[in-house]
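# Commentary on secondary and tertiary structure
If you want the building blocks of each chain, they are given just below.
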Amino acid sequence: MPVLNRIASYAEEMKGWRRHLHQHPELAFECHETAAFIVARLREMGVDEIHEGIAKTGIVAIINGQVDGPTIGLRADMDALPIEELTGAEHASTVKGKMHACGHDGHVTMLLGAAKYLAETRRFSGRVALIFQPAEEDGGGGQVMVQEGIMDRFGIGQVYGIHNAPNVAFGHFRTTPGALMASVDTAYVHITGKGGHGATPHECVDPVVALVGMVSAMQTIIPRNVHALDEAVISVTQIHTGTASNIIPEEAMFCATIRCFKPDVRALLKKRFHEIVEGHAAAYGVTARVDYDWGYPPTINHEAEAEFAAEVAREVVGPEAVDAHAGREMGSEDFSYMLEARPGAYLFMGIGPGAGLHHPAYDFNDEAAPVGASFFAALVERAQPLA
């Protein structure tokens, strides 16, 4: 793989960083040890500024180039997931019930590798803002960092990020202009009827049959209300009710994840979801409450920046390994908030075969870290050249 030679020489050191992070996962905004480890490495590298405590445990570090110029932002998320690890690796998580099952340990390592190279060479103009973000998986740390003013405070003019992609060919990059990932909303529906004995349903108001009717009707929204060329997903992911085989319960609940790419489709899905719940509640004689969590917006790449990022990726891994017009997908990302605030692009980078993201047997491929670090470094040098 044609990574930058200087970064290739960091490979063993980067592996050590990544495996340390993997052994010490932290969730959401509580990335205290992770942040401390990152800060210690940045100080060793001699970056010019380190700003801590953004979005509680987030960090923005600044590396100055040789001459004045704009500031480019590079982002890595650093939180883990509440999953019990099953890799059996020597570097497996030491924290019960928590693991880096999405490769954020690898994302941090790639950005640290780029930081070390950029701090040594400084073959660029302006500044680089290294953004280490907590709470991507849960909590919207990207939104919080934007709300706390990092774009204006550090003068960031454009921003880029990478996500690893297991089971995509090693070192291959995929992105697209426009919508790359979907918005994500979550609905919790709480239904109340009248419980009683299962032998006397006529004396009860059964929330279970109301729930079943609602869940079935939800599956009509996309094929009958959404234009056939507008992608959307509604998946009911939880149903909870009942305590015994002979009791009609008083209450039932279900929740659903709701995803799409367009604001008007997003509004339509919410409207129809509420209408179906309200209509079925009236039909079955129950009461129902919908808690609708308006989540991450779609991740929308800016066209010029997406093409530029693809050009840089071609220089690093070769033109045959870059798909600049890949299909979009229904996953979501809170990097979307950064792309709402500034021009930029998000890319996927293949790490080869292995367990998928959010799987208890997932592990980041350490050989991929120098590739991602080389991309970040080349991106800076191409975006903000000295001459």
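Reference entry: report on the structure contained in this document. (Residues numbered from 1 in each chain as written. Predicted model: local features only at pLDDT ≥ 70, side-chain atom pairs only at ≥ 80, totals over all residues. Heavy atoms only, no water.)

## Looking at the sheet that holds strand S6 (residues 173-174)
The strand order across the open sheet built from eight strands is S1-S2-S4-S3-S5-S16-S6-S15, with neighbouring strands paired in mixed fashion. Strands with a single pairing partner mark the edges of an open sheet, and in this sheet they are strand S1 (49-54) and strand S15 (322-323). With two bridges joining them, S6 and S15 adopt parallel strand pairing. In the sheet register, Phe173 faces S15, and the bridge partner there is Val322. (Pairing = 2+ DSSP bridges. Helix = DSSP H or I, 4+ residues; strand = E, 2+ residues; numbered from the N terminus.)

## Observations concerning the packing of aromatic side chains
Two aromatic rings are characterised by how far apart their centres lie and by the angle between their planes. This structure, assessed with the given rule, holds eight aromatic pairs. Through pairs of rings, three or more aromatic residues link up here, namely Phe254, Phe273, Tyr292 and Trp294. Between the NZ or CZ atom of Arg41 and the centre of the ring of Phe37, over which it lies, the distance is 4.6 Å. Here the basic side chain of Arg266 rests over the ring of Trp294, its NZ or CZ set 4.3 Å away from the ring centre. (Phe/Tyr/Trp six-rings, centres within 6.5 Å; stacked < 30°, edge-to-face > 60°. Lys NZ or Arg CZ within 6 Å of the ring centre and 35° of its normal.)

## A closer look at unusual backbone geometry
Although it is not a glycine, Ala55 sits at a positive phi angle of roughly 55°. Here Ala55 is to be found in the loop between S1 and strand S2 (58-64). Here the phi dihedral of Ala135 falls at roughly 60°; this positive angle occurs in a residue that is not glycine. Examined against the element boundaries, Ala135 turns out to sit in the loop between strand S4 (125-133) and helix H5 (141-147). The exposure class assigned to Ala135 is buried, which follows from its relative accessible area of 0%. (Buried < 20%, exposed > 50% of the residue type's maximum accessible area, 1.4 Å probe, protein only.)

## Remarks on the packing of helix H2 (residues 11-23) against helix H3 (residues 32-45)
Look at H2 against H3: their axes get within 10 Å of each other, and the N-to-C directions meet at 160°. Regarding the angle of H2 to H3, the classification is roughly antiparallel. Handedness of the crossing formed by H2 with H3: right-handed. Across the interface between the two elements, Trp17, His20 and Leu21 from H2 touch Thr34, Phe37, Arg41 and Met45 from H3. (Axes fitted to C-alpha atoms, helices over the stretch in contact; angles between N-to-C directions. Parallel < 35°, antiparallel > 145°, perpendicular 65-115°, else oblique. Left-handed = near helix turned anticlockwise from the far one by under 90°. Contact = heavy atoms within 4.5 Å.)

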